[in-house]
Amino acid sequence: MMQCFHFMIEPAKNITARLKMLLSLESRKRAKNEKRESLDENQLFIMELARDLNRVCLRSEVLQNIWNQEDIWPIPLCRAFILDWASVLESKKRPMQTDGWPEISEVRERDLFSEQDVKNAKGTIVNWTKDLRAQPEQSVWPGEAVALVLSDLQAAWRNGRTPNLLTAMELLMWVLLTQGLDKEAIPKQWLIWKQRTQKIGAVRYIPHSVWDWISNAAVEISLDLDTANPDLLISSDEKRMRCGFVRKEVPNYHQRFDGWWCATGVEGFDSGRHYWEVEVGERDFRLGVAKESALRKGFKSLNTNTGYLTLRLERGTELKALTVPFTALPPGLIPRKVAVYLDYERGQLSFYDVDSRSHIYTYNESFNEKLFPLFGTTEFKDLVIKSPGGKNHCLCSSLCLWG
């Protein structure tokens, strides 16, 4: 008798389980539709664009997180993306640079664009996607370099290191826009382009392979004692500096700072790529480069008008790029370890937060003279230049007094 009940109960259990699964799927589908209905039209536009890119490009599964509504961007970010990429598509109609990338047009403040401008920008992108939809599915290979970056971005987004997958969208847009060019160079070109079009906080997470490319330009930097302000204490290995309590008697060379507490590196650069890291902790600092012709005497402002391209932290909370007038930077960009990256030929000097591998600020200029790494402090604790592979030495002869 019990066996008969068993044969009746088991099918009933299966039916119940299936009903629960169907109800769950229906519930999720309803929730997804409700979520979609609550989205702004600009957010929906980004989702559809992600679907179009994913359909055409191989190894682009990361974009499914966008059109499946797992990665929903804030409305201002969607709007900015639409405006920026419509501008890029328009620039493709103009003559190309020698590297095959579009010329960068003059960037307008996004707040100055009207809703009609956004509508027109969408029209430009829609016209481009019409040709995209004519291509066979999974017909575009992005290149191994981009494919690796896409995997990195997927993991970084899942781990919360990057707030969204905007970079993945941008890289695949560049893949489709620059077909026929060197795909392996796209991630590097993408970073250069981002830093040229968005000087402040352009990238929240720089992918591993791109970061390696930057940091592989690491150089050994030593402080030049002949330029150091007499109030500064410099370590024996010329990697650490801090303010002292007694002004030293030293020769008054023309290249020596006698006002601001600064020093330059021994070697200046007039070509190539160069990268160095500085540990600043929670202390005020001034970092960047000084042009060879820049005046170093007195307390004249060390800004772009006087030959200095620098980042400065004051009072622990005020981060500035010393342009004219100065450019205030968000407090969220304040770093504890700074990477400085000079690309002389491309005219870029960039600053990064080493710990988060994020972009802080970029100066874009045409360089025509030697540039010297610049270091400044107002603190009685060490500012430390990190060696590419070596160990730095403290100023203290025995147990470190400064921690």
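Residues numbered from 1 in each chain as written. Predicted model: local features only at pLDDT ≥ 70, side-chain atom pairs only at ≥ 80, totals over all residues. Heavy atoms only, no water.

The name given to the protein chain in an unreviewed UniProt entry is B30.2/SPRY domain-containing protein, and the organism recorded there is Esox lucius.

Quick look at the sheet that holds strand 8 (residues 327-329) now. Read from one edge to the other, the open sheet built from six strands follows the order 3-12-5-6-7-8, with strand pairing classed as antiparallel. The open sheet is flanked by strand 3 (262-264) and strand 8, the only strands paired with a single partner. The mean inter-strand angle of the sheet, taken between neighbouring strand axes irrespective of direction, is 20°. Here six bridges tie strand 5 (residues 285-291) to strand 6 (residues 308-314), and the two strands are oriented antiparallel to one another. Bridge pairing in strand 6 links L287 to L311. (Pairing = 2+ DSSP bridges. Helix = DSSP H or I, 4+ residues; strand = E, 2+ residues; numbered from the N terminus. Axes fitted to C-alpha atoms, helices over the stretch in contact; angles between N-to-C directions.)

The next thing to look at is the pairing of strand 5. Taken residue by residue, a regular strand's side chains alternate between the two faces of the sheet. With seven of its seven residues buried, strand 5 lies for the most part within the structure. Where strand 5 lies against strand 12 (residues 371-377), seven bridges are found, and the strand directions are antiparallel. Note on strand 12: the bridge partner recorded for V289 is P373. (Buried < 20%, exposed > 50% of the residue type's maximum accessible area, 1.4 Å probe, protein only.)

What follows is about the pattern of salt bridges. Once the charged atoms of two side chains with opposite charge are near each other, the side chains can pair. In this structure the tally under the stated criterion is 18 salt bridges. R133 is the partner of D52 in a salt bridge, and the nearest nitrogen-oxygen pair spans 2.9 Å. Placement of the pair is D52 in helix 2 (residues 41-56) and R133 in helix 5 (residues 115-133), with a sequence separation of 81 residues. Among the ionic pairs, R312 bridges to E314, the shortest N-O distance being 4.0 Å. Comparing R312 with E314, the two get one shared label, buried. Through salt bridges that share partners, R312, E314, R315, E318 and K320 make up one connected network. (Salt bridge = Lys/Arg side-chain N within 4 Å of Asp/Glu carboxyl O.)

The element strand 12 is largely enclosed, with a buried count of seven among its seven residues. Where burial is concerned, the two faces of strand 12 agree: the one with L371, P373, F375 and T377 and the one with F372, L374 and G376 are both buried. Strand direction decides the pairing type here: strand 3 and strand 12, joined by three bridges, are antiparallel. Of the residues in strand 12, the one forming a bridge with C262 is G376.

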